[in-house]
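The primary structure of each chain is shown beneath.
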Number of protein chains: 2
Amino acid sequence: MEPGDAARLGPGRAARALPPRLLLLPLLPLLLGRGLRAAASASSGAAAEDSSAMEELATEKEAEESHRQDSVSLLTFILLLTLTILTIWLFKHRRVRFLHETGLAMIYGLIVGVILRYGTPASSGHDKSLSCTQEDRAFSTLLVNVSGKFFEYTLKGEISPGKINSVEQNDMLRKVTFDPEVFFNILLPPIIFHAGYSLKKRHFFRNLGSILAYAFLGTAVSCFIIGNLMYGVARLMRTVGQLSDKFYYTDCLFFGAIISATDPVTVLAIFNELHADVDLYALLFGESVLNDAVAIVLSSSIVAYQPAGLNTHAFDAAAFFKSVGIFLGIFSGSFTMGAVTGVVTALVTKFTKLHCFPLLETALFFLMSWSTFLLAEACGFTGVVAVLFCGITQAHYTYNNLSVESRSRTKQLFEVLHFLAENFIFSYMGLALFTFQKHVFSPVFIIGAFVAIFLGRAAHIYPLSFFLNLGRRHKIGWNFQHMMMFSGLRGAMAFALAIRDTASYARQMMFTTTLLIVFFTVWIIGGGTTPMLSWLNIRVGVDPDQDPPPNNDSFQVLQGDGPGSARGNRTKQESAWLFRLWYSFDHNYLKPILTHSGPPLTTTLPAWCGLLARCLTSPQVYDNQEPLREEDSDFILTEGDLTLTYGDSTVTANGSSGSHTASTSLEGSRRTKSSSEEVLDRALGIGDQPVSSRGTRLVFPLEESADSPPACGDGAAAGVVRTAASPRVV
Amino acid sequence: MEPGDAARLGPGRAARALPPRLLLLPLLPLLLGRGLRAAASASSGAAAEDSSAMEELATEKEAEESHRQDSVSLLTFILLLTLTILTIWLFKHRRVRFLHETGLAMIYGLIVGVILRYGTPASSGHDKSLSCTQEDRAFSTLLVNVSGKFFEYTLKGEISPGKINSVEQNDMLRKVTFDPEVFFNILLPPIIFHAGYSLKKRHFFRNLGSILAYAFLGTAVSCFIIGNLMYGVARLMRTVGQLSDKFYYTDCLFFGAIISATDPVTVLAIFNELHADVDLYALLFGESVLNDAVAIVLSSSIVAYQPAGLNTHAFDAAAFFKSVGIFLGIFSGSFTMGAVTGVVTALVTKFTKLHCFPLLETALFFLMSWSTFLLAEACGFTGVVAVLFCGITQAHYTYNNLSVESRSRTKQLFEVLHFLAENFIFSYMGLALFTFQKHVFSPVFIIGAFVAIFLGRAAHIYPLSFFLNLGRRHKIGWNFQHMMMFSGLRGAMAFALAIRDTASYARQMMFTTTLLIVFFTVWIIGGGTTPMLSWLNIRVGVDPDQDPPPNNDSFQVLQGDGPGSARGNRTKQESAWLFRLWYSFDHNYLKPILTHSGPPLTTTLPAWCGLLARCLTSPQVYDNQEPLREEDSDFILTEGDLTLTYGDSTVTANGSSGSHTASTSLEGSRRTKSSSEEVLDRALGIGDQPVSSRGTRLVFPLEESADSPPACGDGAAAGVVRTAASPRVV
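Residues numbered from 1 in each chain as written. Chains lettered and ligands numbered in written order. Predicted model: local features only at pLDDT ≥ 70, side-chain atom pairs only at ≥ 80, totals over all residues. Heavy atoms only, no water.

Going by the annotation in an unreviewed UniProt entry, the name recorded for chain A is Sodium/hydrogen exchanger, with Ursus maritimus given as the source organism. Per UniProt, chain A has the following entry under Sequence similarities (unreviewed entry): "Belongs to the monovalent cation:proton antiporter 1 (CPA1) transporter (TC 2.A.36) family." (UniProt positions renumbered as here; feature names shortened; annotations may be inferred.)

If you want it as structure tokens, here you go:
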């Protein structure tokens, strides 16, 4: 709005000449949902020009004022974030670790919230509202006839009867209050996508069984336990008369679901900084990423639990199974959506030479990833969950097809988006403690909730770890278990789920409690991470590419009957069969189809698929003129010693590679040599005689162990399939 | 929305359990303003739980449906963009240049528009609306009492009486119709910022005088001529009875203003690709960037022209001067806002060690640049204009303080945003031709407009070039003038200005005409660029760092009385005094204050500012322990031979540098050596005797001429101020 706007609001044709400015920055309805108000694009047709100009003038002025206020409140958030960034820098600069950026964002948010709450005068509440009685239901659109002109209104939402007079009470508080769906549709997707896209794949896949167990079983157990404990608390509160409204068992379960979404962003940041144990990192990160997805779907399944009949709060098996079905349906549907979009992107980037134009490639990648979200929402699945799996798929396949520049571009793009969104949410949380107008603080409930989340986490970490340890060779030690127990922070996801519905008394109480839990866990637990790490004796300064000490080698998930059979079933895991299946499928079919790497499909597919295989296989694989472009160094099976049978083809390695391997391993002093080598050395019994079995031998690329980048030029020797870090087939 | 939502909409407590989902992706109100409708967060309080569940059920279902539709329509746009990207790739791959990506985006938009218009059935228009009579003015917020519950509605805008029945006629068309302010507040800022940030500074500043003349005078002339011609057309139309409604002189001038915003994106893309003449590029690009800003402010000043008295359409000197004042006020205010935020960012990045954390740095840069927009809007200036000058300031100062990674990150981030926003706008234009529901096609007006924009452009390019050539040594040749004449494409800015107000008949006609002008110019002119370039004999394949041939050396804007005086006033330009002033101020004070480069302030500021100067000067300049980080190789005065007097300090260069210069220049065969050297060689008469004058000598860094990066280690010699590309003071 220019000063000129004021000037042109003279009588007469002023109103006509005005562009129909909706008074909002269009970004603002999005960011400040509650601030969405009074779009007064009241430029009349020329016919009504001279009448009622004054009314329009007033509306225009109001519009302009509102636009300015919107700008100011968004500016508040931006300055808050700027301040956070500068303070984070100071903290990082001084190596202060007791307070993470998210904790800081919350503190600044709190301060601004206090100022807004107690510092700004309640605005005059000028007469903008008008009551209008309607008999039937609430329509979504309303046409209002004002002196012969029609205005269109849209439904904002219901106002609880007590709030009618306070609707306009404090404009500023309303302005800084978001539409809760902003979190789900704008801020969470980049955060979740980034989590999926930046998953350290190797360690993630190595621990996939445990991660899935923690994420699915753990979240379910935690949800159930917290729900039951909170139901007990609620009954207690009713007994002592502290509960002023209804609180059902499903409400308690819902609370259990939303509060089970852990978000150890603070802990993980410190892990990253200190290079703490990579497997613990993978366990924590993997669990937190997946249990967000589980918690979303679980909470909507619980909401969907609708017992039939009169006693709507009794247990109903049919409704229960329906809820379970809904859970499975939404989860698998969202998973499929995400995976399919990822696969499509991989195919597009593989079969076009888009990598010559990094800008186009990055834009395409961004759009495709975004479309996952929309597609899932359009089909009735959960966009956030779809985006997570899309991120994982993109990282696993598409990433390999991207040009080097696009790889860093996409990583950096989503890193910035993630950073901004995350700090935005956390500073909003701080703000919400004071500006949210429907808080219900119930000390009993809050204390109960703290106890419940503690017990809930204990009840899934320790027993699950016990059972997982039965099957794992590399046990999850007590210190790891304690650290996982300790890292049960709650964050953005719990908050976003809680703020999504704050209509009823129970939900308001849950929201307030969730907010306090997030504050407490982020500040206290976040601050205690470094002491806890040293107290629990968890090793730091670990090279992420290094394996655990040789006696803990049970992380080798996969074990074929080939070269590794010398070690017998030492490395056998309960879930190994699943992974062997998945891995061979992925390596033999998916990778070659979707990326430029892997064995040629012509060798892995049956003969009758010859034509198809020839079409789908990347020319690079055939010609061996260009080294394979996979630089997916985190790939799971760089560890594993897996027998790969490519039909009948036997590829022979050059002996020098083998001897080089041996000599490197004999040197022994290099602690940073690639883990794949170590595994291989052990598997081969440290020797340079290639062990052959069923015509397939494994030799790992050696350039990985040197500090120089892989010299790809000499890989064109007879049929040697070379990738940067995946096993080379001999 | 998960399938679960449907399930939980059973009777009884269904409604209570529902989260208050506003049915919109919050992104969608933003992107699909007209689609913003009926936010039915109708979850009632627990008290009203059992009543009226059915109504809420209906509203919820509607909400869910609307959310899905929003997702689908956004998905449509994303798929459109994806398709555009893939086709662009194909075109680039095959080196097809006759159709630019924006033209392509428009074609796809057109196709989708046709499908939406004629392919989708008009939706049933179910009974969502209700008329409600109100006596007074239209309020921005409406409270509606529905069977005892209160719902809040917000004003969407006025519906023209004829449209009442068609409000709900075609949901899909409404969904894909944007809130016009989206363009101004979401899509244009990244485009304009990117333009400012990526300005090729050296060539831009060299031609600044001409660019400013074209942008300010040219746009004003073009606006006035087009306005008058169109007024003639309008009178003609009235005479022949083709004008069905009012059309004032100010409307014509307004049209002149919006259509004067050129956007030769297509031409510039081809220039870039073919490495066409850099000065022509700078002239075209600079003009188009600045005249966007001028056109915005001009159009709002014209709207603000409100003659007093009864005859509101006669000329009124007071109102006219008020408009001029408004123009100057908004323009300078927005300029100041942009420059101030840029300067603040430069100071922050200079005085913190934020460059150790590129993520934080990039995030800060992004937030500060965005806050410019909000700040300007909040203060009543024009955000888009502020963002342009912020971009230029950021490029000129902040960019030098950023870490290498942040430089590429910020460039790439805004490049992607710019790319997406631009193609989004152009594909929306294509769509709008069929989906916009208020088109007024008037053949006479359209033909008149084409003639007018042709004449308007001719009337400012040729006379202005003539006058500029009087002062320029390096004349703007006829071929350049014809090319500039030819490159008068209209694009995103004209469209955004035109769609901002489509309330009146005149404005609707203007909008339709603008749309057609954009189509025509982008397709025809864009397609004809390559033939035109060769026809006009404009050289291509120019190294941007290379100077024009020596006989055209009048681009040397600045000329001191020092070393360059040997060449006399050959390089003197009429505007030289202005630039000499600005340059010495910028180089002696602003650069040292805002960046790590330039001479120490202690030498440039008067002695009594000693303490301040010491505080503000970067320690790098003092200690010379770290080489200066300025890598601003586009900096204007790398060309110039300017006398810099740093107080009394005389810094001596090591002789080897000088001789190296000479030897390089004597080799002569290197066509790609840096232009600064060439200038210097000429200035120094090719010799290694440093020419001294008033204690200051210029030697240019030599590492630039070698292909290796500047070896910064040996620059610590006594007081040698070294920058990568700016003149080194001897």
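Visitor: What's the story with the overall build of chain A in this structure? I'm lost.
Guide: When its secondary structure is counted, chain A shows 26 helices and 5 strands. Taken across its 730 residues, chain A has 65% of its residues classed as buried. Across chain A, contacts joining residues at least 24 apart in sequence account for 78% of those joining residues at least 6 apart. Here chain A displays about 25300 Å² of accessible surface, and carbon together with sulfur accounts for 64% of that area. (Helix = DSSP H or I, 4+ residues; strand = E, 2+ residues; numbered from the N terminus. Buried < 20%, exposed > 50% of the residue type's maximum accessible area, 1.4 Å probe, protein only. Contact = heavy atoms within 4.5 Å. Areas by Shrake-Rupley, 256 points an atom, 1.4 Å probe, with all protein chains shown as cover.)

Visitor: Is there a simple way to explain a nonpolar patch on the surface in this structure?
Guide: All names here are of chain A. Where nonpolar side chains cluster on the molecular surface, the patch consists of Leu229, Ile447, Val451, Phe454 and Leu455 and spans about 460 Å² of accessible area. Top contributing element to the nonpolar patch by residue count: helix α17 (residues 443-471), with 4 residues. With respect to the helices, strands and loops of the structure, Val451 is situated in helix α17. (Patch = residues over 30% accessible without salt bridge, like charges linked within 9 Å, V, L, I, M, F, W, Y side chains within 5 Å. Salt bridge = Lys/Arg side-chain N within 4 Å of Asp/Glu carboxyl O.)

Visitor: For this particular structure, what's the right way to read the packing of aromatic side chains?
Guide: On inspection of all chains with the given rule, the structure shows 64 aromatic pairs over all chains. On the numbers, 5.1 Å between centres and 80° between planes, the contact of Tyr231 of chain A with Tyr249 of chain A is edge-to-face. You can see Tyr231 of chain A sitting in helix α9 (residues 208-239) and its partner Tyr249 of chain A sitting in helix α10 (residues 249-259), a full 18 residues away along the chain. By relative accessible area, which is 27% here, Tyr231 of chain A ends up partly exposed. Exposure remark for Tyr249 of chain A: the relative accessible area of 27% places this residue in the partly exposed category. Aromatic side chains Phe320 of chain B and Phe321 of chain B sit 5.4 Å apart centroid to centroid with 75° between the ring planes, which places their arrangement in the edge-to-face category. A residue is classified by how much of its surface remains accessible, and Phe321 of chain B, at 57% relative accessible area, is exposed. Members of the aromatic cluster, each reached through a chain of ring pairs, are Phe77, Phe183, Phe424, Tyr428, Phe436, Phe495 and Phe511 of chain A. (Phe/Tyr/Trp six-rings, centres within 6.5 Å; stacked < 30°, edge-to-face > 60°.)

Visitor: Even after reading the chapter, I still don't get the packing of helix α7 (residues 181-197) of chain B against helix α15 (residues 383-401) of chain B, so can you show me in this structure?
Guide: To describe two helices that pack against each other, one gives the angle between their axes and the distance between the axes. Residue and element names in this part refer to chain B. Contact pair α7 / α15: the axes reach a minimum separation of 7 Å and the direction vectors enclose 35°. Classified by chirality, the crossing of α15 by α7 is right-handed. Here Phe184, Leu188, Pro189, Ile192, Phe193, Gly196 and Tyr197 of α7 come into contact with α15, specifically with Val384, Val387, Leu388, Cys390, Gly391, Ile392, Gln394, Ala395 and Tyr399. Partitioning the contact of α7 with α15 into residue classes produces 13 nonpolar, 3 polar and no charged. (Axes fitted to C-alpha atoms, helices over the stretch in contact; angles between N-to-C directions. Left-handed = near helix turned anticlockwise from the far one by under 90°. Nonpolar A, V, L, I, M, F, W, Y, C, P; charged D, E, K, R; others polar.)

Visitor: Would you explain the environment of Gln437 of chain A in this entry?
Guide: As for its position among the elements, Gln437 of chain A is in the loop between α16 (404-435) and α17. For the pair Gln437 of chain A and Thr177 of chain A, spaced 260 residues apart in sequence, the C-alpha separation works out to 9.2 Å.

Visitor: Would you explain the side chain of Thr84 of chain B in this entry?
Guide: Residues and elements named next belong to chain B. Within the secondary structure, Thr84 sits in helix α4 (residues 53-93). Only 2.7 Å separates the side chain of Thr84 from the backbone oxygen of Leu80, close enough to count as a polar contact. Residues within four places of Thr84 in sequence aside, it is in contact with Glu101, Leu104, Ala105, Tyr108 and Asn423. (Polar contact = N/O pair within 3.5 Å; in protein donor to acceptor, adjacent residues only side chain to side chain.)

Visitor: Help me understand unusual backbone geometry in this model?
Guide: Among all residues save glycine, negative phi is the norm, and among peptide bonds the norm is trans. Residues and elements named next belong to chain A. Unlike most non-glycine residues, His275 shows phi in positive territory, near 55°. Counting through the fold element by element, His275 comes out in the loop between α11 (265-274) and α12 (278-304). For His275, a relative accessible area of 41% translates into the label partly exposed.

Visitor: Got a minute to help me understand the side chain of Thr512 of chain A in this structure?
Guide: Residue and element names in this part refer to chain A. Mapped onto the elements, Thr512 comes out in helix α20 (residues 505-535). Among the residues examined, Thr512 registers a relative accessible area of 0% and is labelled buried. Apart from residues no more than four positions distant in its own chain, Thr512 is found in contact with His439, Val440 and Phe441.

Visitor: I would appreciate a short explanation of the pattern of salt bridges in the present structure.
Guide: Side-chain pairing between opposite charges can occur once the charged atoms of the two side chains come close. Taken as a whole and assessed by the stated rule, the structure comprises 13 salt bridges over all chains. A salt bridge links Arg507 of chain A to Asp501 of chain A; the shortest N-O distance between them is 2.7 Å. Taking relative accessible area as the criterion, Arg507 of chain A reaches 4% and is therefore assigned buried. Note that Arg457 of chain B and Glu287 of chain B form a salt bridge whose closest N and O atoms lie 3.2 Å from each other. Residue Arg457 of chain B is located in helix α17 (residues 443-471), and its partner Glu287 of chain B is located in helix α12 (residues 278-303); the two are separated by 170 residues in the primary sequence. Both residues of the pair, Arg457 of chain B and Glu287 of chain B, belong to the buried class. Each of Asp251, Asp501 and Arg507 of chain A takes part in a single network of salt bridges with overlapping partners.

Visitor: Help me out: how do you make sense of the state of the cysteines in this one?
Guide: Tallied over the full model, the rule gives 0 disulfides over all chains. Not engaged in a disulfide, the cysteine Cys252 of chain A finds its nearest cysteine sulfur in Cys223 of chain A; these two sulfurs lie 11 Å apart. (Disulfide = S-S within 2.5 Å.)

Visitor: What is the right way to look at the packing of helix α13 (residues 317-351) of chain A against helix α15 (residues 383-401) of chain A in this model?
Guide: Residues and elements named next belong to chain A. Look at α13 against α15: their axes get within 7 Å of each other, and the N-to-C directions meet at 25°. One element, α13, and the other, α15, form an angle in the roughly parallel class. The two elements α13 and α15 cross, and the hand of that crossing is right-handed. Across the contact of α13 with α15, the residue classes break down as 11 nonpolar, 10 polar and 1 charged. (Parallel < 35°, antiparallel > 145°, perpendicular 65-115°, else oblique.)

Visitor: Is there a simple way to think about the environment of Gly598 of chain B in this case?
Guide: Note that Gly598 of chain B resides in the loop between α21 (576-594) and α22 (601-604). Distance in space between the C-alpha atoms of Gly598 of chain B and His587 of chain B is 6.2 Å, their sequence separation being 11 residues.

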